[in-house]
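# An overview of the molecular structure
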Amino acid sequence: MKTIVLIIMAMFIAIPSSYAQNKALEKALKKEYKTKMKEYSKEGWKIFGTSKSLEVSLLTHYDKLAQLGESGGEIVGIASNVKSKNVGHQVCINNACNTYAHTAGSHVKGRIVSDMAQNADDTNMEFDKFYAAYERLVNKEIKGELRESYTIIREVQPGVFEMQTYFIVNEEAAMKARIKAMENAAIETELAQKYATKISEFVKEGFATSEKQ
């Protein structure tokens, strides 16, 4: 009986704490949303490619990130000085994939250099081949895991535009793309096969793709 009472008391203590945390997060998100909308308005950004307003698109974006929690990440693709809006949008997509692939490659390279530096004789040319192959293959595989959220556009001079496309990535799903890229990249270098288990651990680790807006 005493144990049950203690559990109930603990529940009532935890509820206000959780409620306070949620309210604080809600308040912070509202402030962040207002700041972002002011920034967009001041810099002349408008929504592109959807009938939804920029306000609704941004709120939906935040909601999607909130639902994914720690597994959710944000990638921004950028296109500068483009005359065709459709070409600019495609440039944004390619730029986002390149950004993600480079981040993934840098993460693995950093871990290999720091954790496996004792094998210095092994790590130069062969691992450089692996990094290049891994980055290239992540770029290819990740396209299916990036979920486009919204695109904004502004005219920087008559007929010339700048565009930004925001993507949401589920890191748990993206991990499969990174593993597949690692396996295919390892085929191209014997050294990566030698350290396959260790590299696989590095690849499976999550990493911060970018700061969430």
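Fair warning: this is a prediction, and the values are worked out from it, not measured in the lab. (Residues numbered from 1 in each chain as written. Predicted model: local features only at pLDDT ≥ 70, side-chain atom pairs only at ≥ 80, totals over all residues. Heavy atoms only, no water.)

This next bit is on the sheet that holds strand S4 (residues 160–170). Strands sit in the order S1-S3-S4-S2 across an open sheet of 4 strands; the sheet is antiparallel. Looking at the sheet topology across the chains shown, the edges are occupied by strand S1 (46–48) and strand S2 (72–82). Ignoring which end each strand starts from, the neighbouring axes of this sheet average 30° apart. The strands touched by helix H2 (residues 54–68) within the sheet are S1, S2, strand S3 (146–157) and S4, with S4 carrying the most contacts at an inclination of about 25°. (Pairing = 2+ DSSP bridges. Helix = DSSP H or I, 4+ residues; strand = E, 2+ residues; numbered from the N terminus. Axes fitted to C-alpha atoms, helices over the stretch in contact; angles between N-to-C directions. Contact = heavy atoms within 4.5 Å.)

Our focus in this paragraph is the environment of Arg 136. Looking at where Arg 136 falls in the secondary structure, it is placed in helix H4 (residues 125–142). For Arg 136, a relative accessible area of 47% puts it in the partly exposed group. (Buried < 20%, exposed > 50% of the residue type's maximum accessible area, 1.4 Å probe, protein only.)

Our next topic: the environment of Met 125. For Met 125, the position within the fold is in helix H4. The class for Met 125 is exposed, based on a relative accessible area of 64%. Along the chain, Met 125 and Thr 189 lie 64 residues apart, while their C-alpha atoms are 9.9 Å from each other.

Before going further, it helps to spend a moment on the confidence of the model for the protein. Residue-level pLDDT values for the protein average 80, and 77% of them are 70 or greater. Taking the mean pLDDT of every element in the protein, the minimum, 64, falls on helix H1 (residues 2–43) and the maximum, 97, on S1. Contacts for the low-pLDDT stretch residues 209–213, under 50 throughout, to residues beyond four places or in other chains number 20 contacts. (pLDDT = per-residue confidence, 0-100.)

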